[in-house]
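What follows is the residue order along each chain.
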Amino acid sequence: MHKNLEPSWKKALTNEFNQPYFIRLADEIKNAYLKKSVFPSAENIFKAFDLCPITKVKVVILGQDPYHGEGQAQGLSFSVPNDVKIPPSLKNIYIEILNDIGTPIPENGNLEKWAKQGVLLLNATLTVLPKKPGSHQGLGWEIFTDAVIQKISSEKEHVVFLLWGKYAGTKASLVDQNKHLVLTAPHPSPFSSYTGFFGCKHFSKTNEYLKKNGLGEIRW
């Protein structure tokens, strides 16, 4: 499942791939793809890692599940392909960026341009069944992605972690906040965006922190 993973991540996570839980997870996910539709497509499970090597990571944005609608999931949290309607949460992210730093709202929801600049668009669970949100939670993905967060925390410095919503906020404990910046806010979902996501100014705060530490700012 991970054989073609981007080399820097493959090296960083070698020990994780040999853990019993990951071997079980890999078998279960392989069987799921053989039996039924699973999102995203198999070649995109690790797309977030492929587009953003660990050596390039400046920002981590954590989602929970891939999108479970047909054609939406592409292996990047909050992102959808060019020809797919922009989902409500991403639309609210775009609105906050506009209000925060003035960047116009894009015509599509494809966030590959962020990933290529060093934004790891990580979901806590990397696969899902169609129309069944949360269907692959508890299989072991969360153990794996927690390890990813801890690896970034231990091996890098001055990374910004954007944790939106209660679930993502629980991952703050995995990050060494003496050498990284953790920013939390309510989820950008229409159900919670007006309770503090709008006005959080995470995008300008991220760039201010990166600039202060001699790192290139993100072109949001």
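First, a word on what this report is: a plain description of the structure on this page. All values derive from a computational prediction rather than experimental measurement. (Residues numbered from 1 in each chain as written. Predicted model: local features only at pLDDT ≥ 70, side-chain atom pairs only at ≥ 80, totals over all residues. Heavy atoms only, no water.)

## Some points on the overall build of the chain
- What the chain contains, in helices and strands, is nine helices and four strands.
- Taken from N to C terminus, the helices and strands of the chain fall in the order α-α-α-α-β-α-α-β-α-β-α-β-α.
- Its C-alpha radius of gyration of 17 Å places the chain within 12% of the 17 Å reference for a compact globule of 220 residues.
- Each principal axis of the C-alpha atoms in the chain carries an extent, and together these give about 45 × 35 × 25 Å.
- Taken across its 220 residues, the chain has 55% of its residues classed as buried.
- Taking as baseline every contact in the chain between residues at least 6 positions apart, the subset at least 24 positions apart corresponds to 66%.
- On the chain, roughly 10500 Å² of surface is accessible, and the fraction owed to carbon and sulfur atoms is 51%. (Helix = DSSP H or I, 4+ residues; strand = E, 2+ residues; numbered from the N terminus. Rg over C-alpha atoms; globule rule 2.2 N^0.38 Å. Buried < 20%, exposed > 50% of the residue type's maximum accessible area, 1.4 Å probe, protein only. Contact = heavy atoms within 4.5 Å. Areas by Shrake-Rupley, 256 points an atom, 1.4 Å probe, with all protein chains shown as cover.)

## Observations concerning the sheet that holds strand 1 (residues 59-63)
- Strand order in the open sheet formed by four strands is 2-1-3-4, and the pairing between neighbours is parallel. Of all strands in the sheet, those bounded by a partner on one side alone are strand 2 (119-123) and strand 4 (181-185). Mean inter-strand twist for the sheet, computed between neighbouring axes without regard to direction, equals 20°.
- The sheet contact formed by strand 1 and strand 2 spans five bridges and is parallel. Note that in strand 2 the partner of Leu62 across the bridge is Leu122.
- Along the sheet, helix 7 (residues 141-155) contacts strand 1, strand 2 and strand 3 (160-164); its crossing angle with strand 2, the most-contacted strand, is approximately 155°. (Pairing = 2+ DSSP bridges. Axes fitted to C-alpha atoms, helices over the stretch in contact; angles between N-to-C directions.)

## Thoughts on helix 7
- End to end, helix 7 covers 21 Å across 15 residues, agreeing with the expected 21 Å (1.5 Å per residue, within 8%).
- Among the residues of helix 7, Trp141, Glu142, Phe144, Thr145, Asp146, Ala147, Val148, Ile149, Ile152 and Ser153 are the ones counted as buried. (Expected span 1.5 Å × (residues − 1).)

## A closer look at the nonpolar core
- With 68 residues, the main nonpolar core has Trp9, Phe49, Ile61, Trp114, Leu120, Phe144 and Trp220 as its most contacted residues.
- Ignoring sequence-local partners within four residues, the contact set of Leu120 consists of Trp9, Ala48, Phe49, Cys52, Val57, Val59, Val60, Ile61, Val148 and Ile152. (Core = buried A, V, L, I, M, F, W, Y, C linked by side-chain atoms within 4.5 Å.)

## Topic: the pattern of salt bridges
- Taken as a whole and assessed by the stated rule, the structure comprises three salt bridges.
- Residue Asp146 is joined to Lys171 by a salt bridge in which the shortest nitrogen-to-oxygen separation is 2.8 Å. Remark: Lys171 occurs in the loop between helix 8 (166-169) and strand 4 and Asp146 occurs in helix 7; sequence separation between them is 25 residues.
- In this structure Lys171 comes out as buried when scored by relative accessible area, which is 9%.
- With a shortest N-O distance of 3.4 Å, Lys151 and Glu155 are connected by a salt bridge. Note that Lys151 and Glu155 are positioned in helix 7 at a spacing of four residues, about one turn of the helix. (Salt bridge = Lys/Arg side-chain N within 4 Å of Asp/Glu carboxyl O.)

## Structural notes on the side chain of Ser89
- Mapped onto the elements, Ser89 comes out in helix 5 (residues 88-101).
- Here Ser89 is in contact with Phe78, His187, Pro188, Ser189 and Pro190, once residues within four sequence places are set aside.

## With respect to the packing of helix 3 (residues 20-35) against helix 7
- Running from N to C, helix 3 and helix 7 cross one another at 125°; their axes reach a closest spacing of 9 Å. Classed by the angle they form, the pair helix 3 and helix 7 counts as oblique. The way helix 3 lies across helix 7 gives a crossing that is left-handed. Two secondary-structure elements touch here, helix 3 through Tyr21, Phe22, Leu25 and Ile29 and helix 7 through Trp141, Ile143 and Phe144.
- Each residue belonging to the contact of helix 3 with helix 7 can be placed in one class, and the counts come to seven nonpolar, no polar and no charged. (Parallel < 35°, antiparallel > 145°, perpendicular 65-115°, else oblique. Left-handed = near helix turned anticlockwise from the far one by under 90°. Nonpolar A, V, L, I, M, F, W, Y, C, P; charged D, E, K, R; others polar.)

## Quick word on the packing of helix 5 against helix 9 (residues 202-212)
- Contact pair helix 5 / helix 9: the axes reach a minimum separation of 8 Å and the direction vectors enclose 60°. Taken together, the axes of helix 5 and helix 9 are oblique relative to one another. Residues Ile93, Glu96, Ile97, Asp100 and Ile101 of helix 5 form the contact with helix 9, whose participating residues are His202, Phe203 and Ser204.
- Split into classes, the residues belonging to the contact of helix 5 with helix 9 amount to four nonpolar, two polar and two charged.

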